[in-house]
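Chain and residue survey
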Amino acid sequence: MDEQTKRHWPELVLFDLDGTLIDSAPDIAAATNELLKLYDHEPLSLNDVRSMIGNGVRKLVERAFLQAGTGLDHKSLSLRTDEMMEIYASNLTNMTVAMAGADSLLRDLKAENRKLAVVTNKPENFSRQIIAHFGWDNMLDAVVGGDTCLTRKPQPEMLLHVCNLSGILPANSIMVGDSPADITSAKNAGIPSIAVRGGYTNIAVEQLGADFVVENLMEVSGAIAKLRDLGKNVP
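Description of the structure in this document.

About the cut-offs
The residue numbers shown here count from 1 along each chain, following its written sequence. Residues qualify for local features only when their pLDDT is at least 70, as the model is predicted, and side-chain atom pairs are given and counted only at 80 or more; totals for whole chains, interfaces and linings, by contrast, use all residues. Side-chain calculation: all heavy atoms of the structure are included, whereas hydrogens and water are not. By definition, a salt bridge exists where a carboxyl oxygen of Asp or Glu is found within 4 Å of a side-chain nitrogen of Lys or Arg. Think of it this way: any DSSP run of H or I at least four residues long counts as a helix, any run of E at least two long counts as a strand, and we number them from the N terminus. In this scheme, a residue with accessible area under 20% of its type's maximum is buried, one over 50% is exposed, and one in between is partly exposed, where area comes from a 1.4 Å probe on protein chains only. The term nonpolar core refers to a set of buried residues drawn from Ala, Val, Leu, Ile, Met, Phe, Trp, Tyr and Cys, joined through side-chain atoms within 4.5 Å. Contacts are assigned to residue pairs with any non-hydrogen atoms lying within 4.5 Å of each other. To obtain each axis, a line is fitted to C-alpha atoms, and for helices this fit is confined to the stretch in contact; angles are then taken between N-to-C directions over 0 to 180 degrees. Throughout, the term roughly parallel applies to angles under 35 degrees, roughly antiparallel to angles over 145, roughly perpendicular to angles from 65 to 115, and oblique to all others. With the far helix as reference, a near helix turned anticlockwise by less than a right angle produces a left-handed crossing, and one turned clockwise produces a right-handed crossing. Side-chain classes are defined by residue name, with Ala, Val, Leu, Ile, Met, Phe, Trp, Tyr, Cys and Pro counting as nonpolar, Asp, Glu, Lys and Arg as charged, and the others, Gly among them, as polar. Pairs of strands are assigned from DSSP output, requiring at least two bridges between the strands. Orienting the strands away from the viewer, one traces the path from the first strand over the helix to the second; a clockwise path indicates a right-handed crossover. Within 3.5 Å is the distance limit for a polar contact, defined as a pair of N or O atoms, with the added protein rule that one can donate a hydrogen and the other accept it, and that residues adjacent in sequence qualify only through two side-chain atoms. Whether two aromatic rings pair depends on their centres lying within 6.5 Å, for rings of Phe, Tyr and Trp, where Trp uses its six-membered ring; planes under 30 degrees apart make the pair stacked, over 60 edge-to-face, and the rest tilted. A positively charged side chain is recorded as over a ring if its NZ (Lys) or CZ (Arg) lies within 6 Å of the ring centre. The angle to the ring normal must also be within 35 degrees.

Here we come to the pattern of salt bridges. Evaluation of the coordinates by the stated rule reveals 11 salt bridges. When the shortest N-O distance is used, the salt bridge between Arg50 and Asp23 registers 3.4 Å. Residue Arg50 is located in helix α3 (residues 46-50), and its partner Asp23 is located in strand β2 (residues 22-23); the two are separated by 27 residues in the primary sequence. Across the pair Glu112 and Arg114 runs a salt bridge whose closest N-O atoms are separated by 2.8 Å. The class for Glu112 is partly exposed, based on a relative accessible area of 42%. By relative accessible area, Arg114 is classed as buried at 7%. A network of salt bridges, in which partner residues are shared, links Asp16, Lys153 and Asp182.

Here you go:
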């Protein structure tokens, strides 16, 4: 990597939302349990619901009802997913908080003239509302949700969509996430990745296959600098 390229890498930083920039599990769990209550099911624990997050609302609903002892056919799953969307729409930020260091990291990266984006399997509209709640909307160059593209993480389409929108090569980008879907989608897109400990994953963070693992968001800038020195963006 030449010195000029090294100084500007990465040009684009992609972030997952749930479990990476925000801890939304309490609100998602509350909405999930409200839905389950409609069908006379006992509530799930916060940890149970946390383990179900990451592959979109429909998959969350499917997992929740299976955990409660009810398998859903396609029609029933679609109905309950719609109900979950309505319930959660009114409870997006009641208990959701920013992860430690999220705000300062975004501001620091933006001050370095890097493009920033959120790529999440959460619906785009919900994501934008949450991002605006935390005052991050003006710092982000793109927000891609689970309903923006035809496929979602761990497929690479969403990440590549942001790269195309930004006019930046995948190799000149980096993905920051907490789950298998995040890191696998980055691999599939040819984008280096950083895995953040403490998010929503049922797999040990060291086993996700990221290029670098950090304890928290405060360590992301240092990880980027180390990857830059290693020349991780060389195609």
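Counting 53 residues, the largest nonpolar core has Phe15, Leu21, Trp136, Ile194 and Leu217 as its most contacted members. For this core, the element with the highest residue contribution is helix α2 (residues 25-38), accounting for 6 residues. The residues contacting Phe15, other than those within four sequence positions of it, are Thr20, Leu21, Leu105, Leu106, Leu109, Leu116, Ala117, Val118, Val119, Met175 and Val176. Judged by nonpolar contacts, the second largest core, of 16 residues, contains Leu12, Leu14, Leu159 and Cys163.

Turning next to the packing of α2 against helix α4 (residues 57-67). Two packed helices can be described by the angle between their axes and the distance between those axes. The N-to-C vectors of α2 and α4 enclose an angle of 60 degrees; their axes lie 11 Å apart at closest approach. Taken together, the axes of α2 and α4 are oblique relative to one another. The hand of the α2/α4 crossing is right-handed. Counting all contacts with α2, which are made through Ile28, Thr32, Leu35 and Leu36, the residues of α4 involved are Leu60, Val61, Ala64 and Phe65. For the contact of α2 with α4, the per-class residue count stands at 7 nonpolar, 1 polar and no charged.

This part is about the pairing of strand β7 (residues 193-196). With burial as the criterion, each face of β7 is covered, one bearing Ser193 and Ala195 and the other bearing Ile194 and Val196. Of the strand pairs in this sheet, strand β6 (residues 173-177) and β7 are connected by 3 bridges, and their pairing is parallel. Each bridged residue has a counterpart across the sheet, and for Met175 the counterpart in β7 is Ser193. In this fold, the crossover linking β6 to β7 by way of helix α9 (residues 180-189) has right-handed handedness. Of the pairings in the sheet, the one linking β7 to strand β8 (residues 212-214) comprises 3 bridges and is parallel in character. For Ile194, the partnering residue across the bridge sits in β8 and is Phe212.

Tracing the backbone through its elements, the reader meets Lys153 in the loop between β5 (142-144) and α8 (157-166). For Lys153, a relative accessible area of 2% gives the class buried. There is a polar contact of 2.7 Å between the side chain of Lys153 and the backbone oxygen of Val119. In this structure Lys153 touches Asp16, Asn55, Val119, Thr120, Asn121, Met158, Leu159, Met175, Ala181, Asp182 and Ser185, once residues within four positions along its chain are discounted.

For any two aromatic rings, the description comes down to two numbers: the centre-to-centre distance and the angle of the planes. This model, assessed by the stated rule, comprises 3 aromatic pairs. Ring centres of Tyr39 and Phe65 lie 5.8 Å apart, and the angle between their planes is 75 degrees; this geometry places the pair in the edge-to-face category. Linking Tyr39 in the loop between α2 and α3 with Phe65 in helix α4, this pair joins segments that are 26 residues apart in sequence. Under the relative-accessibility criterion, Tyr39 is labelled partly exposed at 25%. When the ring centre of Tyr39 is taken as origin, the NZ or CZ atom of Arg80, which lies over that ring, is 3.9 Å away.

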